Amino acid sequence: MILTLAIRNLFHDRIRLIVTLVGILFSIVLVAVQLGLYLGARQMIIGMIENAQGELWITAYGAKSFEEGGILLTPRERHAALAAPGVAAVVPLVVSFAEWRKPGGGSTTSVIVGADPEDGGLEPWSLVEGSVAAMAAPDGIAVDRSYLGDLGITGVGDTAQIEQGRVRVRAITDGIRSFTMAPYVFTTLNRARSLLGVPGENTTFFLVQVEPGADVEGLRKDLAARLPGTEILTKAEFRDRSLDQWLFSTGAGVALIGGAILGLLVGTVIVAQTLYSSTKDHLNEFATLRALGSSSGYIHKVILAQAGLSAVIGYVLGMMIALAVVVLSTHTALPIIMTPGLAVSLFLLTLFMCAISAVSAIMKVTKIDPAMVFSR
Amino acid sequence: MSHPVVLEAISIVKELGEGAGKVRALKGVSLSLRAGELTLLMGPSGSGKTTLLSILGCILTPTSGSVRIGGEKIDGLDAEKLAGLRRRHIGFVFQSYNLFPTLTAIENVRLALDVRGMTHAETVAKAEAALKAVGLAHKLRSYPRNMSGGEQQRVAVARALAGAPSVILADEPTAALDSENGHAVMALLAQIAKDHDHAVLAVTHDPRTHAYADRIVRIEDGRIVGEDRRAEAHKNVKKYDITRKRKANA
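**Digging into the overall build of chain B**
- The helix and strand tally for chain B stands at seven helices and ten strands.
- Taking 250 residues into account, the globule formula puts the C-alpha radius of gyration at 18 Å, and chain B, at 18 Å, falls close to it.
- Each principal axis of the C-alpha distribution contributes one length, and for chain B these read about 55 × 40 × 40 Å.
- Counting over 250 residues, chain B shows a buried share of 55%.
- Summarising the internal contacts of chain B: among those between residues at least 6 apart in sequence, 68% fall at separations of at least 24.
- With an accessible surface of roughly 10400 Å², chain B has 49% of that area assigned to carbon and sulfur atoms.

**Observations concerning the interface of chain A and chain B**
- Taken residue by residue, the interface counts 23 residues in chain A and 28 residues in chain B.
- The contact between chain A and chain B buries some 2500 Å² in all, and 62% of this surface belongs to carbon and sulfur atoms.
- The largest contributions to the chain A side of the interface with chain B come from Met1, Leu292 and Phe374 of chain A, which together make up 33% of the buried area.
- At the junction of chain A with chain B, the criterion picks out two salt bridges.
- Where glutamate 107 of chain B meets arginine 8 of chain A, a salt bridge forms, and the shortest distance between an N and an O atom there is 2.6 Å.
- The element best represented in the side of chain A that touches chain B is helix α1 (residues 2–12) of chain A, accounting for six residues.

**Examining the domain arrangement of chain A**
Residues and elements named next belong to chain A.
- For chain A, the domain assignment lists domain 1 (2–44 + 251–375) and domain 2 (62–228).
- For domain 1 versus domain 2, the separation of C-alpha centres amounts to 47 Å.
- Every contact between the two is made by eight residues of domain 1 and, on the other side, five residues of domain 2.
- Contact between domain 1 and domain 2 buries roughly 600 Å² in total, counting both sides, with carbon and sulfur atoms accounting for 65%.
- At the boundary of domain 1 and domain 2, one finds one residue pair in polar contact (both at pLDDT 80 or more).
- Grouping the constituent residues of the side of domain 1 that touches domain 2 by class yields five nonpolar, three polar and no charged.

**Overview of the sheet that holds strand β1 (residues 5–16) of chain B**
All names here are of chain B.
- Spatial strand order, β2-β1-β4-β5: four strands in an open sheet with antiparallel pairing. The open sheet is flanked by β2 (23–34) and β5 (72–73), the only strands paired with a single partner.
- The sheet strands contacting helix α1 (residues 49–56) are β1, β2 and β4 (64–69), and the helix crosses β2 at an angle near 55 degrees.

**Structural notes on the pattern of salt bridges**
Residues and elements named next belong to chain B.
- With the rule as written, the count across this model stands at 22 salt bridges over all chains.
- With a closest N to O distance of 2.9 Å, glutamate 227 and arginine 215 form a salt bridge. Remark: arginine 215 occurs in strand β9 (residues 215–220) and glutamate 227 occurs in strand β10 (residues 223–229); sequence separation between them is twelve residues.
- Residue class for glutamate 227 comes out partly exposed when judged on its relative accessible area of 43%.
- Judged by relative accessible area, arginine 215 falls into the buried class, the value being 4%.

**Observations regarding the sheet that holds strand β3 (residues 38–42) of chain B**
All names here are of chain B.
- What the six strands build is an open sheet, ordered β6-β7-β8-β3-β9-β10; its pairing is mixed. Looking at which strands have only one partner, the edges of the open sheet turn out to be β6 (90–93) and β10. Across the sheet, the mean angle from the axis of one strand to that of its neighbour is 20 degrees, orientation sign disregarded.
- Taken together, the four bridges between β3 and β9 define a ladder with parallel strand orientation. Of the residues in β9, the one forming a bridge with threonine 39 is arginine 215.
- Against the sheet, helix α5 (residues 149–162) touches β6 and β7 (167–171), its axis set at about 175 degrees to β6.
- Its contacts with the sheet put helix α6 (residues 179–195) on β3, β7 and β8 (199–204), and the angle it makes with β3 is roughly 130 degrees.

Calculation rules
- Residues numbered from 1 in each chain as written.
- Chains lettered and ligands numbered in written order.
- Predicted model: local features only at pLDDT ≥ 70, side-chain atom pairs only at ≥ 80, totals over all residues.
- Heavy atoms only, no water.
- Helix = DSSP H or I, 4+ residues; strand = E, 2+ residues; numbered from the N terminus.
- Rg over C-alpha atoms; globule rule 2.2 N^0.38 Å.
- Buried < 20%, exposed > 50% of the residue type's maximum accessible area, 1.4 Å probe, protein only.
- Contact = heavy atoms within 4.5 Å.
- Areas by Shrake-Rupley, 256 points an atom, 1.4 Å probe, with all protein chains shown as cover.
- Buried area = accessible area lost by both parts, 1.4 Å probe.
- Salt bridge = Lys/Arg side-chain N within 4 Å of Asp/Glu carboxyl O.
- Domains from an automatic or database assignment.
- Polar contact = N/O pair within 3.5 Å; in protein donor to acceptor, adjacent residues only side chain to side chain.
- Nonpolar A, V, L, I, M, F, W, Y, C, P; charged D, E, K, R; others polar.
- Pairing = 2+ DSSP bridges.
- Axes fitted to C-alpha atoms, helices over the stretch in contact; angles between N-to-C directions.

Here you go:
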């Protein structure tokens, strides 16, 4: 009967139900979009690090992120690392912002990612046109198709200029987006050094591939002792550092999470207000229930059931809209990501929000005086 | 042989309000209700009828004095324990019926059983039986808005009856009803007292109800001022045939 009474109370006043559902719906869409953007941004920031083949990263001291590592490491560090027991390979990577000059005029900022595919450290993935082997041609590069317009090119075979060097698009990827909005441009290690005018064989990072069964933590300490002036980071540490730099030091992540919290607060207030007014309208009925001998827990369950039903209906409607927004954002520069984990979390968050909203209504009925049934 | 006492109030004093606004609503009321009897509690407005009803119904506790219902004392019990006593021993009938407008007749009755922790099947069976007993077997799925005042009050009686309480307390049960429905409801309460061996107490101003009473208790200014016990032979109760009335209305 608890559920029956909750459903009837809820659907008795349709206007109020609509207001409640719209409140939950907006809240869910807002939170889903904000958290989806957060996940999308996170994915973009850590994409390169996650796809790199190596357990440890050697960076110049104080490197803030994948894009801001400087080009300060030298072959001396590479040789010292190779000498450490347990190291299978040390793959050099050159990463730096660079000016891209569009063939039709104008320029934009790009991020050069230089690595030799045969080293097995980091190469473009999700190729939709061309090949990694073709990228090895003297002027070869690979770019993502979502940035073709920004780069002023149309596809494979087009040419452009990076800093002082001429390049030709040899491969196109799909879905490798950049949080900084500066498109990634993959090329070979030496081509990257040449385009960026890097002196000698300087490098941004060394990617350390560890021998099977080696103690990664022990190796990290060994490398730290062998390579003063550098930092030895695990994949997880480097990922967290990049996230910290782009999401939190810039305030972008705080804005996204703040927006999500704001969405939750707005939803909570709207649901609380409507539940409270619904409870107030049904106060005489709750007093009657109390007079009939119901425990206060029984009445609380009715209110919580109302809140739970609102949450479920609001969630279903909200998720339908949120998923439509996710689909629409797929090919934009900042795609919104919806994962099963986020969907489940949003549902739990909605239930929590509605349960919190029920508190004011529960406090109202807790003070109910069953004697009021005689004064009607 | 006289019926057993199921509810007993001894020297009840109840003070309402605080400080300068404090009022002594009951000034030492003693009252016993026996199974099988319909007792009317009559008195002018402000005499303390509703306060006494609230105390007998375990909704309020007395300032002093003692109330015992089904052998259990209510003194010093908190709100949840009083609710438990109401579940076990009391059925209420209210002046304005207090039905849930969003629930059907059977759902209204089932709700009173559900709060007692009965299973779905039990609530359905007992609610159907109670509504049948008050002549509303044909109105199980009707909403209060589609029922007359008399029918709504009979649903309220069924709701009070369904949980098989030892005491049914009715607050002005005929006040909102026309003459015919008022008689029907009083006849029903009298019949319930007899057939189901319940103690029924009705607070009323309505002189039409006298005919159905086994006992009339008068209260004034917070004190019991008189009591009439009516011999069965003198009662002018026409057995009210609900089925016949329903057919006539149809």
